[in-house]
Amino acid sequence: MNWVSGVVVYVITWWVVLFAVLPWRVTPTSQKVEGAMAGAPDNPHILYKVLWTTIISTVVFLGIYALVASNLISFQDMADQLGRE
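Quick notes on the rules
- Residues numbered from 1 in each chain as written.
- Predicted model: local features only at pLDDT ≥ 70, side-chain atom pairs only at ≥ 80, totals over all residues.
- Heavy atoms only, no water.
- Phe/Tyr/Trp six-rings, centres within 6.5 Å; stacked < 30°, edge-to-face > 60°.
- Helix = DSSP H or I, 4+ residues; strand = E, 2+ residues; numbered from the N terminus.
- Buried < 20%, exposed > 50% of the residue type's maximum accessible area, 1.4 Å probe, protein only.
- Lys NZ or Arg CZ within 6 Å of the ring centre and 35° of its normal.

Participant: Explain the packing of aromatic side chains residue by residue, including any values.
Facilitator: Per the counting criterion, the structure on display carries four aromatic pairs. Between Tyr10 and Phe61, the aromatic rings sit 5.7 Å apart at their centres with planes inclined by 85 degrees, giving edge-to-face as the arrangement. Taken as a pair, Tyr10 in helix H1 (residues 3–21) and Phe61 in helix H2 (residues 46–70) lie far apart in primary sequence, 51 residues in all. For Tyr10, a relative accessible area of 24% puts it in the partly exposed group. A relative accessible area of 15% places Phe61 in the buried class. Measuring from centroid to centroid gives 6.2 Å for Trp15 and Phe19, while their planes differ by 40 degrees, and the two rings are tilted. You can see Trp15 and its partner Phe19 sitting in helix H1, four residues apart, about one turn around the helix. Taking NZ or CZ as reference, Arg25 lies 4.4 Å from the ring centre of Tyr48, over its face.

What follows is the structure, given as structure tokens:
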């Protein structure tokens, strides 16, 4: 995997994990404010979620990188076989 595809895989992984992490620690507001959605959180904990997203994404990316680098599954061979058909 070259550095460009590595960055692309990491960014895609980061965004997918972010959408999985966004619901964590969400509690609806206790105060009813005119014009605010009923489920809007008091404190969305965005920095907490970005930190956890980065940690989880890094671990997942390292697993993907190890899988690609180990040639346990040869993606190049799969692409070659698809090209011959």
